[in-house]
Structures are given as C-alpha cells and as structure tokens.
Amino acid sequence: RQSHAAVLARWQRLTPREKEVALLLAQGLTSKEAVRVMEERSADGRTIEPRTIDTHRAKIFIKLDVRSTHELGMLVGRHGLE
C-alpha cells in the first residue's frame with residue numbers, strides 16, 4: 001500500500017504528455033487507441049506513432065513504480081489522479 005501523498009509526489013514527476021498517456025492507458029486503451037484519441041485532440045494535426053506511446057508507457061511505469069496497465073488503472077482510480 002502506498003500513501004496518497006507519495007503517489008501524488010510521483011504523479012507530479014510525470015510530464016504533461018506522460019500524464020495524458022497515463023490517463024488514457026489507465027482507461028484500458030491500447031497504444032493504437034491512445035494514438036487515435038491524442039491525434040483527435042491535437043490542434044496541429046501531427047501524427048503520433050504507437051511506439052511513442054510505448055516509450056511513454058515505460059517511463060510512466062518507472063516513475064509511478066507500477067508493472068502493468070491494470071496496476072496503473074487501479075492507482076489512478078484509487079487516488080483520483082487527473
């Protein structure tokens with residue numbers, strides 16, 4: 001069990017893009033689905049590669065000390081991260 005304050009401190013270490021990706025993955029989206037959502041939200045119409053999402057996922061897992069998207073989803077839900 002991790003304290004809420006410790007989780008929030010780790011969450012704040014994520015970049016804004018990593019937070020965006022983390023929230024999408026926590027919802028159960030695949031890398032390809034996350035790409036589609038992020039491209040739709042993008043104002044400049046830039047394309048994003050699924051590999052980019054996978055790179056962000058690896059950094060997110062390290063920074064938040066989680067080992068799966070299921071664990072990430074539970075962490076986000078339990079601590080109300082946004």
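Scroll up for the structure.
Let me begin by describing the structure that accompanies this report. Just so you know, these numbers come straight off a predicted model, no measurement behind them. Here the residue index of a chain counts from 1 through its sequence in written order. Only residues with pLDDT of at least 70 are given local features in this predicted model, and only at 80 or more are side-chain atom pairs given and counted; all residues enter the totals for whole chains, interfaces and linings. Only hydrogens and water are set aside; all other atoms, that is, all heavy atoms of the structure, feed into the side-chain values.

What to know about the packing of helix α2 (residues 16-26) against helix α5 (residues 69-79)
Okay, step 1: Only C-alpha atoms enter the line fits that serve as axes; for helices the fit covers just the stretch in contact. Angles between N-to-C directions range over 0 to 180 degrees. Each helix is a run of H or I in the DSSP string that is no shorter than four residues. Each strand is a run of E no shorter than two, and both are numbered from the N terminus. In the contact formed by α2 and α5, the axes pass within 8 Å of each other and the chain directions differ by 105°. As judged from the angle between their axes, α2 and α5 are roughly perpendicular. From α2, A22, L23, L25 and A26 reach across to α5, where they touch T69, L72, G73 and V76.
Okay, step 2: Just so you know the grouping, Ala, Val, Leu, Ile, Met, Phe, Trp, Tyr, Cys and Pro go in nonpolar, Asp, Glu, Lys and Arg go in charged, and all remaining residues, Gly too, go in polar. Residues that form the contact of α2 with α5 fall into these classes: six nonpolar, two polar and no charged. Any angle that falls under 35 degrees is termed roughly parallel, while one over 145 is termed roughly antiparallel, one within 65 to 115 roughly perpendicular, and all others oblique. Should any heavy atoms of two residues lie within 4.5 Å, those residues are considered in contact.

What about helix α1 (residues 4-12)?
Okay, step 1: Turning to α1, its buried residues number three or more, namely V7, R10 and W11. Angular distribution of buried residues about the axis of α1 spans 105°; they occupy a single face of the element. Exposed residues lying more than 90 degrees from the buried face of α1 are A5 and Q12.
Okay, step 2: On its buried side, α1 packs onto α2, α4 (50-64) and α5. Throughout, exposure labels follow a simple rule: accessible area from a 1.4 Å probe, protein chains only, divided by the maximum for the residue type, with under 20% read as buried, over 50% as exposed, and the rest as partly exposed. Arc definition: it is the arc formed by the directions from the helix axis to the C-beta atoms.

Describing the pattern of salt bridges
Okay, step 1: Salt bridge, as used here, is a side-chain nitrogen of Lys or Arg placed within 4 Å of a carboxyl oxygen of Asp or Glu. Following the criterion strictly, the structure yields six salt bridges and no others.
Okay, step 2: K63 is the partner of E18 in a salt bridge, and the nearest nitrogen-oxygen pair spans 2.8 Å. Of this pair, E18 sits in helix α2 while K63 sits in helix α4, and the two are 45 residues apart along the sequence.
Okay, step 3: Residues participating in the shared-partner salt-bridge network are R17, E20 and R41.

Some thoughts on the side chain of S31
Okay, step 1: Relative to the assigned elements, S31 resides in helix α3 (residues 31-41).
Okay, step 2: By relative accessible area, which is 11% here, S31 ends up buried.
Okay, step 3: Here a polar contact means two N or O atoms within 3.5 Å. Within protein one must be a hydrogen donor candidate and the other an acceptor candidate, and residues neighboring in sequence count only if both atoms are side-chain atoms. Here the side chain of S31 touches R57 through a polar contact of 2.6 Å, side chain to side chain.

A closer look at α5
Okay, step 1: Of all the positions in α5, only L72, L75, V76 and H79 are classed as buried. Within α5, the buried residues cover an arc of 95° as seen down the axis, which keeps them to one side. The outward face of α5, more than 90 degrees from its buried face, is lined by the exposed residues H70, G77 and R78.
Okay, step 2: On its buried face, α5 is in contact with α1, α2 and α4.
Okay, step 3: Just past α5, the residue G80 takes up positive phi, approximately 60°.

Side note on the environment of V37
Okay, step 1: With respect to the element layout, V37 can be found in helix α3.
Okay, step 2: Remark: the alpha-carbon pair of V37 and H79, spanning 42 residues in sequence, is separated by 23 Å.
Okay, step 3: If we ignore the near neighbours within four places in the chain, the residues touching V37 are L24 and L29.

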